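Per-entry structural report
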Amino acid sequence: MAGKPKLHYFNGRGRMETIRWLLAAAGVEFEEEFFETREEFEKLIKGGTLMYEQVPMVEIDGMNLVQTGAILRYIAAKYDLYGRNLKEQAWINMYVEGLKDLSDMIMLFPLSLPEEKEMNLDFILERATKRFFPVYEKALREHGQDFLVGNRLSWADIRLLEVILMVEECKPNVLSGFPLLQEFKARTSHIPTINKFLQPGSQRKPPLDEKSLETVKKIFILDHGMFLKNMATIVAEY
């Protein structure tokens, strides 16, 4: 019998969190091995298991999987969360790629300079409510099902709920103008495996606090102001 997947990352959200969400929603138990210092991260790199000297990395089915998108697609396909055919997979890909654009902004937000924070938060909320959430509200309305694609749970639904909750941490009433997304959130949150992941004590990680942020900055050699440094790319793509 194959062992549990093992996730290698720091003890926080980052790019690993959506992998945790997908495994948890699939009902898959997993282990985590955290590195807490730059030296521990460099030891992992020198071990030769990181193809591009980057994390996340997931040990699963005898492989050391890297690159977030590749990991997610493997897990989604393995646990039947990736649609029934190529057309459904295309829709799932479009939905999750859009959500990645939004979640990346939120992930970078803690690295804002103090004088940039209000501007960056306004930018995130404007993009969420004017560009992204309307897409998913329309999709639910036109599809007429409980789920975004087909008539069963997929990776797209799991990702949408995760990002909704991320944006609500920035502004609790952000869904006030999106009744179908409100219903989707309530409905999807009660799926047993997801509901379990949402409970205190699960492997779901909290938002970065200042202490955790300082640890992450030291591990990955990051600096404040990264949100603004990436703004040119964000604006160019939209």
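Summary of the structure given here. From a predicted model like this one, the values you see are computed outputs, not experimental measurements.

**Observations regarding the layout of surface pockets**
Taken as a whole, the second largest pocket spans an internal volume of roughly 250 Å³. Lining the second largest pocket are Ala24, Gly27, Val28, Glu29, Phe30, Thr193, Lys196, Phe197, Ser202 and Gln203. At three residues, helix H8 (residues 192-197) tops the list of elements feeding residues into the lining of the second largest pocket. Along the lines of polarity and charge, the residues of the lining of the second largest pocket split into four nonpolar, four polar and two charged.

**Considering the sheet that holds strand S2 (residues 31-34)**
Across the sheet, four strands lie side by side as S2-S1-S3-S4; this open sheet has mixed pairing. The sheet is open, and its two edges are formed by S2 and strand S4 (63-66), each paired on a single side. On average, each strand axis in the sheet is tilted by 25 degrees relative to the strand beside it, whichever way the strands run. As paired strands, strand S3 (residues 57-60) and S4 are joined by four bridges and run antiparallel to one another. Paired with Met57 across the strands is Val66, a residue of S4. Each of strand S1 (6-9), S2 and S3 touches helix H1 (residues 17-25); the most contacted strand, S1, lies at about 165 degrees to it. Strands in contact with helix H3 (residues 68-78) are S3 and S4; relative to S4, the strand with the most contacts, it is inclined by about 120 degrees.

Here is what the cut-offs are and how they apply
- Residues numbered from 1 in each chain as written.
- Predicted model: local features only at pLDDT ≥ 70, side-chain atom pairs only at ≥ 80, totals over all residues.
- Heavy atoms only, no water.
- 1 Å grid on protein atoms, 1.4 Å probe; cavity = no way out; pocket = protein on both sides within 12 Å on 5 of 7 lines; lining within 4 Å.
- Points joined across faces, edges and corners; volume = space filled by probe spheres on them.
- Helix = DSSP H or I, 4+ residues; strand = E, 2+ residues; numbered from the N terminus.
- Nonpolar A, V, L, I, M, F, W, Y, C, P; charged D, E, K, R; others polar.
- Pairing = 2+ DSSP bridges.
- Axes fitted to C-alpha atoms, helices over the stretch in contact; angles between N-to-C directions.
- Contact = heavy atoms within 4.5 Å.

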